Amino acid sequence: MGRITGITRLHVTQLTPGTHVLVPRLGYCHHGIYIGGGEFVHKVAGRNGFAAASFSCNASVIGAGGGVVRSGLEGFCPEDDPVMFELLYDTCFSPEDTVSLAISGLSNEPGYRLLEANCEHFATWCKTGEKVSYQVLQVRNFLSQMLAVSAGGIVGTQVSQAN
């Protein structure tokens, strides 16, 4: 449905309901939907969805369950003055529909799975109807390129040794 057309830095006071928010973390970005009233809906890793957002991509809990949670700013982004960005799309749901989808995820969204159902998949689905994680796609593309380079080196070495 929608392609990302831009990213805008914003302060927590500039958030409006239906905003797809991301906050940078060490090695990844955490995503969620701002639903108004100082609350966010976002997917976290960990049993029963109780893990802190800052640990949502911890490799030790990849298949541990987790889920969609509703929290205030401190549960979404525990920093005192967080750096936040809004993702902008060429086409997307209305803010009201985005909030409605996010809230519906509290009761019917499957658990956290890093490669197929992470915080970015969830937030992108709420905003566009598509479960996409550009972070996962970037890592997969990088690994594919590295495998292709490695395979090319191995094949090239074998061919030159044969001659």
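What follows is about the sheet that holds strand β1 (residues 4-10). Sheet architecture is open: 6 strands sit in the order β1-β6-β2-β3-β4-β5, paired in antiparallel fashion. Each of the sheet's edge strands pairs with one partner strand only, and the pair in question is β1 and β5 (67-72). Strand-to-strand twist in this sheet, taken as the mean axis angle between neighbours without regard to direction, amounts to 35°. Each of β3 (28-36), β4 (39-44) and β5 touches helix α2 (residues 95-108); the most contacted strand, β3, lies at about 110° to it. The strands touched by helix α3 (residues 119-128) are β2 (19-25), β3, β4, β5 and β6 (84-89); relative to β3, the strand with the most contacts, the crossing angle is about 40°.

Moving on, we get to a nonpolar patch on the surface. A cluster of nonpolar side chains, contributed by V139, F142, L143 and M146, occupies part of the molecular surface with about 380 Å² of accessible area. Mapped onto the elements, M146 comes out in helix α4 (residues 134-162).

Before going further, it helps to spend a moment on the nonpolar core. Counting residues in each nonpolar core, the largest one holds 10 residues, listed as I33, I35, V41, V68, V99, A102, F122, A123, W125 and C126. Of all the elements in the fold, those that place two or more residues in this core are β3, α2 and α3. Here the element with the most residues in this core is α3; it accounts for 4 residues. With residues up to four places along the chain from it excluded, the contact list for C126 reads I33, F93, T98, L101 and A102. In this structure, L10, V21, V23 and F76 belong to the second largest nonpolar core, which totals 9 residues.

A few words now on the side chain of H30. Relative to the elements of secondary structure, H30 occurs in strand β3. Assessed through its relative accessible area of 0%, H30 is described here as buried. A polar side-chain atom of H30 sits 3.0 Å from a polar atom in the side chain of H42.

With the rule as written, the count across this model stands at 6 salt bridges. Of the charged contacts, one joins R25 and E79 as a salt bridge, the two residues approaching to 3.1 Å between their closest N and O atoms. Residue R25 is located in strand β2, and its partner E79 is located in the loop between α1 (73-76) and β6; the two are separated by 54 residues in the primary sequence. Looking at E79, the relative accessible area reads 38%, which means it is partly exposed.

On to the packing of α2 against α3. The geometry of α2 relative to α3 is characterised by a closest axis approach of 7 Å and an angle of 140° between their N-to-C directions. The orientation of α2 with respect to α3, classified from their angle, is oblique. The element α2 and its partner α3 pack so that their crossing is right-handed. Taking contact as the criterion, the partners of T98, L101, A102, S104 and G105 in α2 are, on α3, F122, W125, C126 and K127. Looking at the contact of α2 with α3 residue by residue, the classes come out as 5 nonpolar, 3 polar and 1 charged.

Here we come to α3. The buried count for α3 comes to 10 of 10 residues, which makes it a mostly enclosed element. Between the side-chain oxygen at the start of α3 and the backbone nitrogen of E120 there is a gap of 2.8 Å, and the oxygen is on N118. Positive backbone phi, at 90°, marks G129, one or two positions downstream of α3.

Taking 1.5 Å per residue, 14 residues should reach 20 Å; α2 reaches 20 Å between its end C-alpha atoms and fits that length. Within the sequence span of α2, burial applies to T98, V99, A102 and G105. An end-on view of α2 places all buried positions within 110° of arc, on one side of the element. In α2, the exposed residues that point more than 90 degrees away from the buried face are E96, S107 and N108. In this structure, the buried residues of α2 make contact with β3, β4, β5 and α3.

Calculation criteria
Residues numbered from 1 in each chain as written. Predicted model: local features only at pLDDT ≥ 70, side-chain atom pairs only at ≥ 80, totals over all residues. Heavy atoms only, no water. Pairing = 2+ DSSP bridges. Helix = DSSP H or I, 4+ residues; strand = E, 2+ residues; numbered from the N terminus. Axes fitted to C-alpha atoms, helices over the stretch in contact; angles between N-to-C directions. Contact = heavy atoms within 4.5 Å. Patch = residues over 30% accessible without salt bridge, like charges linked within 9 Å, V, L, I, M, F, W, Y side chains within 5 Å. Areas by Shrake-Rupley, 256 points an atom, 1.4 Å probe, with all protein chains shown as cover. Salt bridge = Lys/Arg side-chain N within 4 Å of Asp/Glu carboxyl O. Core = buried A, V, L, I, M, F, W, Y, C linked by side-chain atoms within 4.5 Å. Buried < 20%, exposed > 50% of the residue type's maximum accessible area, 1.4 Å probe, protein only. Polar contact = N/O pair within 3.5 Å; in protein donor to acceptor, adjacent residues only side chain to side chain. Parallel < 35°, antiparallel > 145°, perpendicular 65-115°, else oblique. Left-handed = near helix turned anticlockwise from the far one by under 90°. Nonpolar A, V, L, I, M, F, W, Y, C, P; charged D, E, K, R; others polar. Expected span 1.5 Å × (residues − 1). Arc of directions from axis to C-beta.

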